[in-house]
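# Geometric and topological summary
Here's the letter readout for the chains.
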Amino acid sequence: GQLAVTADALTEDSLHTAENSQLPLPISIPVPFTAEAFAAAVNAGRAHQKEIDELLSQLLSRQQVSTLEKFTTLFDRLTQLCQSLSVGPVRYPCAVAARLARRIVAETKFMAVAAMTALVKSGSLSAGKCPGVLDFALKARNKDLFDSCIVRLSDVDEVEFVRCFRAIISQPTVFGEASPIGDGVEGAHPKESAFHSVFRLVMSASWNEGTLVAALKQLSIDETVQALEYCLSWVDMYSESTHKRLKKKFYSRIPSLEQVLDWIGMLVDAHFSSFVLAADSHKTILHAHNLLQQQRELYEQFASLQGLLGHCVLRKRLPQSSPQVGVYALEVLHI
């Protein structure tokens, strides 16, 4: 067997400072182990950490690394070392990821998009440690990186997001032409624009509602109506299908009906007075009112289905014999 041990727990002196990786050095040693095997494992871990620190020093130096090719070569070596110290998918030390991401965002000679994408997808980076990561993805016109930031970074700044969101609405082809959606069958489904694709992921993510409502005030009334109409299209889809079927159709993350309704509420809260004053938006608001009224009436009817809800909660089988059937009441749902 193998036992994972950290060098910080085994030595009196810290193997690295706050300016370096701040990650306790993981080593694997045989169980049971001898003093020689233990010493060899610690020395191997120290050697790995020393090389990581040297690579980081080079990657952060603009004098030593001034081209994308050299940056990529060193970053790939860093990835290999971190992979050798990880169990499962590669994980970069958080402090290392943050410093590299800030260097990538600040670099003016080249754009290390692949390296930034790897850092974001590894889960080792937080948006708070690297301001401007969404702006970088938009500047690079890389949808994979932008989507990864929305999905993997839980602390994306709402103001920065709305600023980028406006740019995507105003430039529908910023991430290229519309791409097909669906379950892999060619020609089976229409194409999805970059705006719709990004907004679909945005609605499925977690946000601070109060901060987001304040940030959404940056949207113009036309942009807000466009976003609201897309939300309403999801309510329409949910009225005709299920979450499971929609997820299969889009073959990606989709928002729940609850999340869609939350977004409708936030958009209306952010621009309520504008909706009232802008005559062109009245049709959209009326559509939203009708859909939400239908949802409210449907939920009210569900309250009368106590027997059915009890079966769903307890997961009991429906009665099969006649004596048992007699003790059940008939419950009707009007759709």
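Computed from a prediction, not measured in an experiment: that's the story for all the values here. Within each chain, residues carry numbers counting from 1 in the order of the written sequence. Note on the predicted model: pLDDT of at least 70 is required for a residue's local features to be given, and 80 or more for side-chain atom pairs to be given and counted; whole-chain, interface and lining totals, by contrast, use all residues. Calculation of side-chain values draws on the structure's entire complement of heavy atoms; hydrogens and water are dropped beforehand.

## A look at the packing of aromatic side chains
Only Phe, Tyr and Trp rings are paired, with Trp represented by its six-membered ring, and only when their centres lie within 6.5 Å; those with planes under 30 degrees apart are stacked, over 60 edge-to-face, the remainder tilted. Tallied over the full model, the rule gives 15 aromatic pairs. Between Phe165 and Phe195, the ring centres sit 5.5 Å apart and the planes meet at 35 degrees, which makes this aromatic pair tilted. Of this pair, Phe165 sits in helix 7 (residues 158-170) while Phe195 sits in helix 8 (residues 194-204); the two residues are 30 residues apart in sequence, bridging distant segments of the chain. Think of it in three bands: residues with accessible area under 20% of the maximum for their type are buried, residues over 50% are exposed, and the middle band is partly exposed, with areas taken using a 1.4 Å probe on protein chains only. A residue is classified by how much of its surface remains accessible, and Phe165, at 1% relative accessible area, is buried. When its relative accessible area of 4% is taken as the criterion, Phe195 is described as buried. Members of the aromatic cluster, joined through ring pairs, are Phe161, Phe165, Phe195, Phe199, Trp207, Tyr230, Trp234, Tyr238, Phe250 and Trp263. Elements are defined by DSSP. Helices are runs of H or I of four residues or more, strands are runs of E of two residues or more, and each kind is numbered from the N terminus.

## Observations concerning helix 8
Counting buried positions over the 11 residues of helix 8 gives 10, a clear majority of the element. Every buried residue of helix 8 is accounted for by Ala194, Phe195, Ser197, Val198, Phe199, Arg200, Leu201, Val202, Met203 and Ser204. Looking at the buried residues of helix 8, the elements they touch are helix 6 (143-152), helix 7, strand 4 (191-192), helix 10 (221-240), helix 11 (243-250) and helix 12 (257-270). Two residues form a contact once any of their heavy atoms are found within 4.5 Å.

## Examining the nonpolar core
We define the nonpolar core as a collection of buried residues of types Ala, Val, Leu, Ile, Met, Phe, Trp, Tyr and Cys that are connected through side-chain atoms lying within 4.5 Å of one another. Judged by nonpolar contacts, the single largest core of 87 residues is most densely connected at Met116, Phe161, Phe199, Trp234 and Trp263. A total of 10 residues in this core trace back to one element, the largest contributor, which is helix 10. In contact with Phe199, other than residues within four places in its own chain, are Phe165, Ala227, Tyr230, Cys231 and Trp263.

## Considerations on the packing of helix 9 (residues 209-216) against helix 12
Geometry is summarised by axes, namely lines fitted to C-alpha atoms with helices restricted to the contacting stretch, and by angles between N-to-C directions that run from 0 to 180 degrees. Between helix 9 and helix 12, whose axes approach to 8 Å, the crossing angle comes to 50 degrees. Taken together, the axis directions place helix 9 and helix 12 in an arrangement best described as oblique. The interaxial crossing formed by helix 9 with helix 12 has right-handed handedness. On helix 12, the residues that touch Glu209, Leu212, Val213 and Leu216 of helix 9 are Trp263, Met266, Leu267, Asp269 and Ala270. Geometric relationships in this document are graded by angle, where less than 35 degrees denotes roughly parallel, more than 145 denotes roughly antiparallel, 65 to 115 denotes roughly perpendicular, and other angles denote oblique. Helix crossings fall into two classes, left-handed where the near helix is turned counterclockwise from the far one by less than a right angle and right-handed where it is turned clockwise.

## Quick look at the side chain of Ser148
By the element assignment, Ser148 lies in helix 6. Relative accessible area serves as the criterion here: at 6%, Ser148 is assigned to the buried category. In contact with Ser148, not counting residues within four places along its chain, are Val120, Lys121 and Leu153.

## Focus on the pattern of salt bridges
The salt bridge definition used is simple: a Lys or Arg side-chain nitrogen within 4 Å of an Asp or Glu carboxyl oxygen. Inspection of every chain in the model, using the stated rule, returns seven salt bridges. For Lys121, the salt bridge is made with Asp144, and the minimal N-O distance between the two is 3.0 Å. Taken as a pair, Lys121 in helix 4 (residues 113-121) and Asp144 in helix 6 lie far apart in primary sequence, 23 residues in all. The partly exposed category is assigned to Lys121, whose relative accessible area is 39%.

## Things to note about the environment of Leu219
Relative to the helices and strands, Leu219 resides in the loop between helix 9 and helix 10. The spacing of Leu219 and Leu267 is 48 residues in sequence and 9.4 Å in space, taken between C-alpha atoms. Beyond its immediate sequence surroundings of up to four residues, Leu219 is in contact with Val162, Phe165, Arg166, Thr224, Leu267 and His271.

## Re a negative patch on the surface
Together, Glu209, Glu258, Asp262 and Asp269 line one region of the surface with negative charge. Per element, the largest residue contribution to the negative patch is three residues, and it comes from helix 12. Take Asp269: it is sitting in helix 12. Patch rule: a residue counts if its relative accessible area is over 30% and it has no salt bridge; like charges are joined within 9 Å, and nonpolar side chains (Val, Leu, Ile, Met, Phe, Trp, Tyr) within 5 Å. To measure how exposed things are, a 1.4 Å probe is used in the Shrake-Rupley method; for residues, cover is taken only from the protein chains shown. In summary, the charge assignment counts Lys and Arg as positive and Asp and Glu as negative, without counting His or the chain termini. Charged side chains are reduced to one point each, which is NZ for Lys, CZ for Arg, CG for Asp and CD for Glu.

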